Amino acid sequence: MLQINNINVNYHHAVQVLKGFSISVKPGEVTALLGANGAGKTTVLKAASGLLPLENGHIEDGDIIFDGHSVRQVKPHLLARKGLVHVREGRRIFAEMSVEDNLKAATYALTGRKAGQGIDQVYTYFPRLQERSRQLAGLLSGGEQQMLAMARALIAEPKLILLDEPSLGLAPKMVDEIFAIIARINREQNVSMLLVEQNARAAFSVSHQGYIVENGKVVLEGRIDELKANEDIQTFYLGMGDADGEKSFRDVKHYKRRKRWLN
Amino acid sequence: MAQVIQYLLNGIMNGALYALIAVGIVSIFKSTKVVSFAHGHVIMFGAYFYFTFAVILPGAEFMPDWVAKWEPEWLLAYKEGAAMFSPKAAIAAWVSNLPRIVLGLVGSIVCNALLAVFIERAFMRPLLGQSSLSMILCTVGLIWVLEGSASLIWSADIDQVPPLGPNFPIRFTVFDSQVFLFSSSVVNFVIALILFIGLMLVLRYTRSGVAVRATAEDQSTAYAMGINVPAVFTTAWVVAATTGAIAGAILASRNGLSPTLGLFGLSVLAVVLMGGLDSFAGVFIASMIIGIFEAFTQWQFGGEYAEIVPYVLVLLVILWRPNGLMGQAEIERI
Ligand SMILES: Nc1ncnc2c1ncn2[C@@H]1O[C@H](COP(=O)(O)OP(=O)(O)O)[C@@H](O)[C@H]1O
Ligand SMILES: [Mg+2]
């Protein structure tokens, strides 16, 4: 569905953010991309959805293949119309527009395709949005805003959704609700997803494949079951060791040491 | 009392024109985040295009006579015996001008739209992704390009252009006081109001309006959701240039045609800043306030003050509310 082959990405031709970065998302699967703040996860998604040039970001080498075609030079709106949609970090809903108008804006992704499943069908995944369809999107709660961001993506009848930190800033109960919907969408709509998360536990609950990113490089990859069994991941990402700050800092160092040793 | 109402009305008529000019600046800013300093000069081009299509072209050899002066039988019969300056005579004169007024408006709207597409493609599009400051500076440069090319293209003697509506004085009483207005001012007012309200309705209730509002709020997210953001930018420039063409036609018929039209348009930027760059409603209110304020200053202190006092007001408002009366707070100032 999506192959990212050995890309190097920089901003302003100055800061090199991704170095020889490769991942692949298989059709129908949810692929998790985990890593600390600043590792370059969002940059990966922006590279795939064509947003990099807007921030003066450049893909220097390598290629990105979506559905059999290179998308390195394709404009963002055309990618959305081909079924590659990006749910951005921080939700980025249109706060001054009603919920319904947010969804109407998303129908532009259907340009040149036969009409999609329509707003009503999408509401079946998000009944809370239907109740608030005339409300200003800026007045929704964080969880509802995340739902709206995902509903906008669904309107586009996507083949692949790039989902950037859906759990960010949400209460645990809401995180569970959101991830239940993610799993359901993946199952029922057969949409592939590339899921960026810092909440590994939530991400693992819905994913099939996973990649760990550090400093713009993939340092670990595998099927979710393998990753769950990995000792480093248990201590560092799933917090199965002690949760106290001192200890987890040492865990980071231990993790990095092991990384270097493995290389 | 009569005079208060009289100047109030004058102010409102002028305010509507400011609003019509301002609508273009807001339209461009809302979608592109670029403040167009050249909008006044785009309006000036609209005025010259109107002159070209409503005066030069109808006077050309190959044009049938009725384009310049339409006088069907029934019109001659209608104006038979009408007194000079009577509404009847004015309406008859307007009807016989109608073909060239329509030709002038259509011509200036089309040409200005093409000019806008050219400006957007040639000067704005290559700067996409750069800071909006570079685009804003580019519009400043455009001022001289447009002014220079206008004086090259239209070097011929400038003639009177026909007003868009019939022109006769209307007298009426409000609260027992006699006031009067020119009918053409009323027509201009109505045109400005219709365009302004029409644009707001399109923005609020149509699907294209949704695309524009989405782009206005978050360009890159709108782009990633399938909205053709560069096309929205072009549309915004075209909307500005076509409303500007109508504003240009009105200004040329009211104050005569001259290169100073561009500077006048530029001065309306102050009104836009007062209302809030991204707020149609705020800019409408600001236009009215400035129009009325200007009229009263003119009345009390004379013409010289009328040119300064409104701008002092603008400065005070901006000191008090840096984003304008109804502007969004997070906007980066120019
Ligand atoms: N628009 C940008 N311009 C310059 N540097 C950026 C930009 N976006 C991100 N970066 C830098 O790239 C690195 C990776 O950022 P990002 O991809 O957002 O990481 P993550 O999503 O994993 O937190 C960071 O060091 C960040 O400062
Ligand atoms: Mg990120």
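Since this is a predicted model, take the numbers as computed values, not measurements.

Caption draft 1: Representation of helix α11 (residues 260-275) of chain B in the model. Residue and element names in this part refer to chain B. The terminal C-alpha atoms of α11, which comprises 16 residues, lie 24 Å apart, in line with the 22 Å expected from a rise of 1.5 Å per residue. Of the positions making up α11, those classed as buried are L261, G262, G265, V268, L269, A270, V271, V272, L273, M274 and G275. Buried residues along α11 sit in contact with α1 (2-32), α2 (39-56), α10 (229-255), α12 (280-301) and α14 (309-320). Two residues or fewer past α11, G276 is found with a positive phi of approximately 110°.

Caption draft 2: Region of the structure containing the nonpolar core. Within the largest apolar cluster, 145 residues are counted, with the highest numbers of intra-cluster contacts made by F126, L129 and I185 of chain A together with I227 of chain B. In terms of residue count, the dominant contributor to this core is α1 of chain B (15 residues). A domain split of this core shows at least three residues from each of domain 1 (2-83 + 158-172 + 189-230) and domain 2 (92-157) of chain A. Not counting residues up to four positions away in its chain, the partners in contact with I185 of chain A are Y125, F126, M150, L154, N190, V191 and M193 of chain A. One finds V17, L18, L45 and V71 of chain A within the second-largest nonpolar core, a separate group that totals 29 residues.

Caption draft 3: Representation of the sheet that holds strand β8 (residues 192-197) of chain A within the structure. All names here are of chain A. Across the sheet, 6 strands lie side by side as β6-β7-β8-β3-β9-β10; this open sheet has mixed pairing. Edge positions in the open sheet fall to β6 (84-87) and β10 (217-223), since each of these has one partner strand only. The mean inter-strand angle of the sheet, taken between neighbouring strand axes irrespective of direction, is 15°. Bridge analysis of strand β9 (residues 209-214) against β10 gives 6 bridges, and the strand direction is antiparallel. Bridge assignment links V213 to a residue of β10, and that residue is V218. Each of β6 and β7 (160-164) is contacted by helix α6 (residues 142-155), which is oriented at about 170° to β6, the strand it contacts most.

Caption draft 4: Seen up close, unusual backbone geometry. Residue and element names in this part refer to chain A. Look at R91: it is not a glycine, yet its phi comes out positive at around 70°. Here R91 shows up in the loop between β6 and α3 (99-106). In this structure, R92 is a non-glycine residue whose phi angle is positive, near 50°. Structurally, R92 can be placed in the loop between β6 and α3.

Calculation rules
- Residues numbered from 1 in each chain as written.
- Chains lettered and ligands numbered in written order.
- Predicted model: local features only at pLDDT ≥ 70, side-chain atom pairs only at ≥ 80, totals over all residues.
- Heavy atoms only, no water.
- Helix = DSSP H or I, 4+ residues; strand = E, 2+ residues; numbered from the N terminus.
- Expected span 1.5 Å × (residues − 1).
- Buried < 20%, exposed > 50% of the residue type's maximum accessible area, 1.4 Å probe, protein only.
- Contact = heavy atoms within 4.5 Å.
- Core = buried A, V, L, I, M, F, W, Y, C linked by side-chain atoms within 4.5 Å.
- Domains from an automatic or database assignment.
- Pairing = 2+ DSSP bridges.
- Axes fitted to C-alpha atoms, helices over the stretch in contact; angles between N-to-C directions.

These results come straight from atomic positions and should not be treated as a statement about function.
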